[in-house]
Amino acid sequence: MTNVRTIKAALYEGVKPTSPYLVSTEIPAPVAQRGDVVITILASRVVTYFKDMVTGKRFFPSILPMVPGPGAIGIVKTVGAGLVHLKPGQMVFIDPTVLARDHPIAPLATMQGLFGFGEGQKLQEVWRHGSWAEETVVPAENVTVIPPSLQQKYKPEQLIALMTHAVTYGGFTAAKLKAGQTVVITGSTGTFGSSAVAVALAMGARRVIATGRTRRQLDEYVKIYGPRVVPFVPTGDEAKDTEAFVQAAGEGFLIDVVFDMLPPVASFDIVRSAISALRANGTAVLMGGEQANIELPYPHIMSNNITIKGKFMYNRADPTTLLGLADAGLLRLDVGEYKTFRLEEINEAIDWAAANSGPFSTTIVVP
């Protein structure tokens, strides 16, 4: 009888209203097939909304059972046939967005270790298990090598910040943000919103108008980044907020980009106000958690040639450019706090992440 090598993992078997949400167990170790890479996990993150998923508050379809964990920092263990550049021993960033390889224009996607909609579950059948385990297997195109200079500067737990920053960087590249432009970020005090502030500044934004309900949190950005950040607490009056956005851009300047990262429970009013303040030929990018249909200022959008873009995650090459920003010192990966949990403490980590979703707050799981 052949012995099957196993690894430790946290398994999601179905919705549970209370902890323990996941089961600590052992599963067969992953094997790299043609074009795949097996990664030894060093650190993974717990997304703040994962508790909503496992308790049934938010619906994320998945093939079960599943090892959750979207993305990670790890070390290449083995590589499948047909790969040239990836070598065992390299430290890498794992992108959890798996794209179908058989369509050049509109490939289906799944989020490895998180969810799969519709026919995207065909991808889940192959790349279902995520990074809340000792090892995982991923498509080679989802791996980006981390240069030695950044390995020396940052711990794996700090490099996890790349997971969040890559998402917001993808949004700003979709907006074609240029150095010297002015940005409004709606929903800037959450985990992704705080990342958007940091990334916009790293990309050269002259001014970031950061919105939020808590002035104290917004003022922290000014302490960290200086006067290029302008705090903005909305009044709830759309017309007044639109005019206030225009004024916040500064005399002689216009708002070039609106970036939305509001959570599902937030009102969309502030985004409408920001879009209404956009200059002619400006761009608004929607990356937030809004679940309902929305109203938009149609006449303003049409008459001013404004572009409205939805953006999911980021492009294949974006993490490489993001690493360059970090290596140059333009984007710091050590801002904020992170809380680390062992793999066997995964249920405590899920609760902690849900309760600590503020700016630059990251929940880490290590094997």
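Caption draft 1: Geometry of helix H8 (residues 238-248). Taken residue by residue, H8 has Asp241, Thr242, Phe245 and Ala248 as its buried positions. Down the axis of H8, the buried set is contained in an arc of 125°. They therefore lie on one face. In H8, the exposed residues that point more than 90 degrees away from the buried face are Ala239, Lys240 and Gln247. Residues of H8 that are buried sit in contact with strand E10 (182-186), strand E11 (207-211), strand E12 (229-232), strand E13 (255-260) and helix H9 (269-276).

Caption draft 2: Region of the structure containing empty space enclosed by the protein. For the structure shown, the criterion picks out 2 cavities of 30 Å³ or more. Counted as a void, the largest cavity has a volume near 110 Å³. Lining the largest cavity are 13 residues, with Val46, Val47, Thr48, Thr191 and Ser361 sitting closest to its centre. Breaking the lining of the largest cavity down by element, the ones donating at least two residues are helix H6 (191-202) and strand E17 (361-366). In terms of residue count, E17 provides more of the lining of the largest cavity than any other element does, 3 residues in total. Put simply, the second largest cavity is a space of about 50 Å³. In terms of lining, the second largest cavity is formed by Gly69, Gly71, Ile94, Pro96, Gln112, His129, Gly130, Ser131, Thr136 and Val138. Taken together, the residues of the lining of the second largest cavity break down into 3 nonpolar, 7 polar and no charged.

Caption draft 3: Region of the structure containing the sheet that holds E10. Judged by pairing direction, the sheet is parallel, and its 6 strands sit side by side in the order E12-E11-E10-E13-E14-E15 without closing on themselves. Taken across any chain shown, the strands that pair with only one partner, and hence form the sheet edges, are E12 and strand E15 (307-310). Across the sheet, the mean angle from the axis of one strand to that of its neighbour is 20°, orientation sign disregarded. Sheet analysis places E10 next to E13, joined by 4 bridges and oriented parallel. Bridging from a neighbouring strand, Val183 pairs with Val257 of E13. Docked against the sheet, H9 engages E10, E12, E13, strand E14 (278-286) and E15, running at close to 150° with respect to E14.

Caption draft 4: The arrangement of the environment of Phe360 in detail. Residue placement: Phe360 occurs in the loop between helix H12 (346-355) and E17. Looking at Phe360, the relative accessible area reads 12%, which means it is buried. When sequence neighbours within four positions are dropped, the list of residues in contact with Phe360 reads Ser194, Ser195, Ala198, Tyr221, Ile224, Tyr225, Val335, Gly336 and Glu337.

Caption draft 5: A look at unusual backbone geometry. For the bond from Ser19 to Pro20, the omega torsion is 5°, close enough to zero to count as cis. Inspection of the secondary structure puts Pro20 in the loop between strand E1 (6-11) and strand E2 (23-28). For the bond running from Leu64 to Pro65, omega is 0°, close enough to zero to count as cis. At Asn281, a residue that is not glycine, the phi angle is positive and equals roughly 70°. Relative to the helices and strands, Asn281 is located in strand E14. Positive phi, close to 55°, is recorded for Asn305, a residue that is not glycine. Summarising the element assignment, Asn305 is placed in the loop between helix H10 (298-303) and E15.

Rules used in this analysis
- Residues numbered from 1 in each chain as written.
- Predicted model: local features only at pLDDT ≥ 70, side-chain atom pairs only at ≥ 80, totals over all residues.
- Heavy atoms only, no water.
- Buried < 20%, exposed > 50% of the residue type's maximum accessible area, 1.4 Å probe, protein only.
- Helix = DSSP H or I, 4+ residues; strand = E, 2+ residues; numbered from the N terminus.
- Arc of directions from axis to C-beta.
- Contact = heavy atoms within 4.5 Å.
- 1 Å grid on protein atoms, 1.4 Å probe; cavity = no way out; pocket = protein on both sides within 12 Å on 5 of 7 lines; lining within 4 Å.
- Points joined across faces, edges and corners; volume = space filled by probe spheres on them.
- Nonpolar A, V, L, I, M, F, W, Y, C, P; charged D, E, K, R; others polar.
- Pairing = 2+ DSSP bridges.
- Axes fitted to C-alpha atoms, helices over the stretch in contact; angles between N-to-C directions.

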